[in-house]
Amino acid sequence: MECNDVFTALTGEPLPGTRRESNAVWRHFTGDTGRVVTTPEQAEEFERAAVADLRSASARYPRDEEVRALVGDLRRVSSRFARLWDSHVVGTHTRHAKTIMRPRLGPFALHCDVLTEYAGHLRVVLYTAERGSDTARRLRLLTSSRPADPLG
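The structure presented is a predicted model; accordingly, all values stated were derived computationally and were not measured.

K.L.:
Describe the sheet that holds strand β4 (residues 122-128), and please don't skip the residues or the numbers.
P.N.:
The antiparallel open sheet is built from four strands, whose spatial order is β1-β2-β3-β4. On the outer flanks of this sheet lie β1 (36-37) and β4, each paired with one strand and no other. Here eight bridges tie strand β2 (residues 95-102) to strand β3 (residues 106-117), and the two strands are oriented antiparallel to one another. Among the inter-strand pairings, A97 is bridged to a residue of β3, identified as H111.

Listed below in structure tokens is the structure:
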């Protein structure tokens, strides 16, 4: 899993070292949401979409040991995940709202769009702010304070 400097500036943390630790579904259901804050409705929407998407991936890759282990481990550590998994809903996670809390800078209310290219097994997550919003203004300030990229 890769991320850019803007994501790191926004979240204030590099992604953890292992694939499991950097998995957003694992982190959410085990309570390690970092600076992400959600309303109960946003959390429920994310959980339903993420579990349905994971079920879809599980169906596409039935022999993938990593996917099977992730599902099994999540079922053991999270009763919420197990309940949603047992509903047998299949789908794709395409979008949701997310708020990332930055100390001293406050909340960044963002749209989160998940773009999936199935043939290449590629998933890109885009975070955007409402045009003209306070979040958009502060996001520009945050990203303009990042060091210049030596490669241009």
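We are not done yet, so read on.
K.L.:
Pulling in residues and values, what's your account of the nonpolar core?
P.N.:
Across soluble globular proteins, you tend to see nonpolar side chains buried next to one another. The biggest cluster of nonpolar side chains holds 13 residues, and the ones touching the most others in it are F29, L54, L74, F81 and W85. If you list the elements that add at least two residues to this core, you get α3 (24-29), α4 (40-60), α5 (65-77) and α6 (79-85). Non-local contacts of F81, meaning those with residues more than four positions away in its chain, are made with F29, V51, L54, V71, L74 and R75. Residues L10, I100, L110 and L139 belong to the second largest nonpolar core, which totals seven residues.

K.L.:
For the environment of D73, give the residues involved together with the corresponding values.
P.N.:
Considering the arrangement of structural elements, one finds D73 in helix α5. Residues D73 and W26 lie 47 residues apart in sequence; the distance between their C-alpha atoms is 9.0 Å. Residues contacting D73, with those up to four places away along its chain left out, are R20 and W26.

Parameters and conventions
Residues numbered from 1 in each chain as written. Predicted model: local features only at pLDDT ≥ 70, side-chain atom pairs only at ≥ 80, totals over all residues. Heavy atoms only, no water. Pairing = 2+ DSSP bridges. Helix = DSSP H or I, 4+ residues; strand = E, 2+ residues; numbered from the N terminus. Core = buried A, V, L, I, M, F, W, Y, C linked by side-chain atoms within 4.5 Å. Buried < 20%, exposed > 50% of the residue type's maximum accessible area, 1.4 Å probe, protein only. Contact = heavy atoms within 4.5 Å.

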